[in-house]
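# Tertiary structure, described
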Amino acid sequence: MNKINLHLIEYAINSLLRDKVKNIFILIIMTLLIFLLSSVLFISNSIKYELNETVEQLPTLTIQKYRAGKVDDIELSRVDNILNIVGVEDVIPRVWGYYYFEYVNVTFSLVGIDNYATQYNENLSKLVENENKTAILDNEKMLIGEGVRKILDKNYYKEYFNFILNDGTIKKVDIGGVFKSSIELQSNDMILLSNDLIYEILDMEEEKATDIVVKVSNPEEIDTIVYKIKELYPDVRIISQEDFIVSYENIFNYKSGIFLTLFIISLVTFFMIVYDKASGLTSSQKQEVGVLKAIGWRVNDILKERFYESFIISFFSYSFGVLLSFYFVYILKAPILRDIFEGYSELKTSFNLPFVVDFQTLALIFFIIVP
């Protein structure tokens, strides 16, 4: 009684072939639903992986100075005082900022590198350890990310770039090379410069920094250290690694939520259509049921045969949908759909997202759609 009846499966396949139009319609609709859902979940998994990798590279604490409710440059003299706090492992001042390339309406991230100081970021540490790249920065040349290179190439800046300073003068900086980080979301729009160059381009005072990074040896002491820093300098805002995580997740969840809201509306509508097509019996089907009962089929046999029909359609829809989404996301790089997550900026990641597939995700898609 519990064994699979191969004759029923054969009959179910023949029954599906007899009513091709309706079954192909249901197959297409379900494949489309699974394709959309799995594509979004695959993109989501890849972006979350990138964000988690980015967050791991972020400092434990970031100290910013505020004046009149706005971020202001912070004095380098504060570094030693913060370093004297018990529990602080290291204190690193950072010099960075943004440069707006008005001609193509994009913004570059400028990061200053001191070759002889400790780097706050593992990727930057590896970069400084590379002697060739260190020599490039020492010679007042800049290193650019992949996204920056593409923008500059399009605008005929092959060997150098002209920065327009605050006083209207032009600072010509040669392009020393292109670097590629393992975390594309972090490095795509980045330009690395020596500290001397970035101070000049950003028009900053050399005894100041953009912010200060603090490394804490014991995570359980973070709250105490934050309290002590605030006692020393009440005009600062301290951002922890957890704050960055919450901020990233809020942005990501907002964008994915917009799509999922639209998807749920489509899901309900499509299921209403599929249910109407699948549950309605034509006169020929009613006649077929009558004939089957007349020749000795039980109601249980007819229900099993109908179950096999539905399972065949659902299984092939699931397989086609998932395979199509793999091709769409990881081969075609998810055109159109990716804009929901990354925006419409001219300077954005090239979307070479890592191939991240979670079996729980595949199971989730299966149990949402197929049953």
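Everything here concerns the structure above.
What follows deals with the sheet that holds strand β10 (residues 190–194). One key point about sheets: their strands pair by backbone hydrogen bonds, in either a parallel or an antiparallel sense. Pairing in this open sheet of six strands is mixed, and the strands run β5-β6-β10-β7-β9-β8 from one edge to the other. The sheet is open, and its two borders are formed by β5 (96–101) and β8 (160–164), each paired with just one other strand. The mean angle between the axes of side-by-side strands here comes to 35°, regardless of whether they run parallel or antiparallel. The sheet contact formed by strand β6 (residues 106–113) and β10 spans five bridges and is parallel. In the sheet register, V111 faces β10, and the bridge partner there is L192. Along the sheet, helix α6 (residues 146–154) contacts β5, β6, β7 (142–144), β8, β9 (170–178) and β10; its crossing angle with β7, the most-contacted strand, is approximately 100°. This element, helix α8 (residues 195–202), spans β5, β6, β8, β9 and β10 of the sheet and lies at about 110° to β10.

With that out of the way, let us pick up the pattern of salt bridges. Counting across every chain of the model gives 10 salt bridges. Linking K171 and E200 is a salt bridge whose minimum nitrogen-to-oxygen distance equals 3.5 Å. Taken together, the residues span a long stretch of sequence, with K171 in strand β9 and E200 in helix α8 at a distance of 29 residues.

For strand β12 (residues 211–216), the tally of buried residues reaches five of six residues, placing the bulk of the element in the interior. Bridge count for strand β1 (residues 61–67) against β12 is three bridges, and the pairing is antiparallel. The residue bridging T62 from the neighbouring strand is V213, located in β12. One ladder, built from six bridges, connects strand β4 (residues 88–94) with β12; its direction is antiparallel. Within β12, the residue paired with P93 across the bridge is I212.

Moving on to the packing of helix α11 (residues 283–294) against helix α12 (residues 299–331). It is at 10 Å that the axes of α11 and α12 come closest, and there the two elements cross at 135°. When the axis of α11 is compared with that of α12, the two are oblique. Between α11 and α12 lies a crossing whose hand is right-handed. For the pair α11 and α12, the contacting residues are Q285, V289, L292 and K293 in the first and V299, I302 and R306 in the second.

With that out of the way, let us pick up the nonpolar core. Across soluble globular proteins, nonpolar side chains have a tendency to be buried as a group. Core analysis: the largest hydrophobic core is formed by 43 residues, its most contacted members being F108, L110, M142 and L152. With five residues, the top contributor of residues to this core is α8. Membership of the second largest hydrophobic core comes to 30 residues, among which are L16, L41, L337 and I369.

Attention now moves to the environment of K215. By the element assignment, K215 lies in strand β12. On a C-alpha basis, the gap between K215 and T62 in space is 9.0 Å, while along the polypeptide they are 153 residues apart. Setting aside its immediate chain neighbours within four residues, K215 contacts T60, V88, E89, D90, I92, T118, Q119 and Y120.

In this section: the packing of helix α2 (residues 20–57) against helix α14 (residues 359–369). α14 packs onto α2 with a crossing angle of 150° between their chain directions and a minimal axis gap of 10 Å. Considering their axes alone, α2 and α14 lie roughly antiparallel with respect to each other. As for the relative orientation of α2 and α14, their crossing is right-handed in sense. Along the contact surface, α2 presents M30, I34, L37, S38, L41, F42 and N45, while α14 presents T361, L362, L364, I365, I368 and I369.

Our next topic: the packing of aromatic side chains. Counted by the stated rule, this structure contains 25 aromatic pairs. A ring pair is formed by F35 and F328, whose centres lie 5.2 Å apart and whose planes are at 70°; its orientation type is edge-to-face. Linking F35 in helix α2 with F328 in helix α12, this pair joins segments that are 293 residues apart in sequence. The class for F328 is buried, based on a relative accessible area of 14%.

Quick look at helix α9 (residues 222–232) now. Three or more residues of α9 are buried, namely I222, I225 and I229. Projected down its long axis, α9 carries its buried residues within an arc of 65°, all on one side. Looking at α9, the residues exposed on the side facing more than 90 degrees away from the buried face are D223, Y227 and E231. For α9, the elements touching its buried residues are β1, α3 (78–83), β4, β12 and β13 (236–240).

Rules and cut-offs
- Residues numbered from 1 in each chain as written.
- Predicted model: local features only at pLDDT ≥ 70, side-chain atom pairs only at ≥ 80, totals over all residues.
- Heavy atoms only, no water.
- Pairing = 2+ DSSP bridges.
- Helix = DSSP H or I, 4+ residues; strand = E, 2+ residues; numbered from the N terminus.
- Axes fitted to C-alpha atoms, helices over the stretch in contact; angles between N-to-C directions.
- Contact = heavy atoms within 4.5 Å.
- Salt bridge = Lys/Arg side-chain N within 4 Å of Asp/Glu carboxyl O.
- Buried < 20%, exposed > 50% of the residue type's maximum accessible area, 1.4 Å probe, protein only.
- Parallel < 35°, antiparallel > 145°, perpendicular 65-115°, else oblique.
- Left-handed = near helix turned anticlockwise from the far one by under 90°.
- Core = buried A, V, L, I, M, F, W, Y, C linked by side-chain atoms within 4.5 Å.
- Phe/Tyr/Trp six-rings, centres within 6.5 Å; stacked < 30°, edge-to-face > 60°.
- Arc of directions from axis to C-beta.

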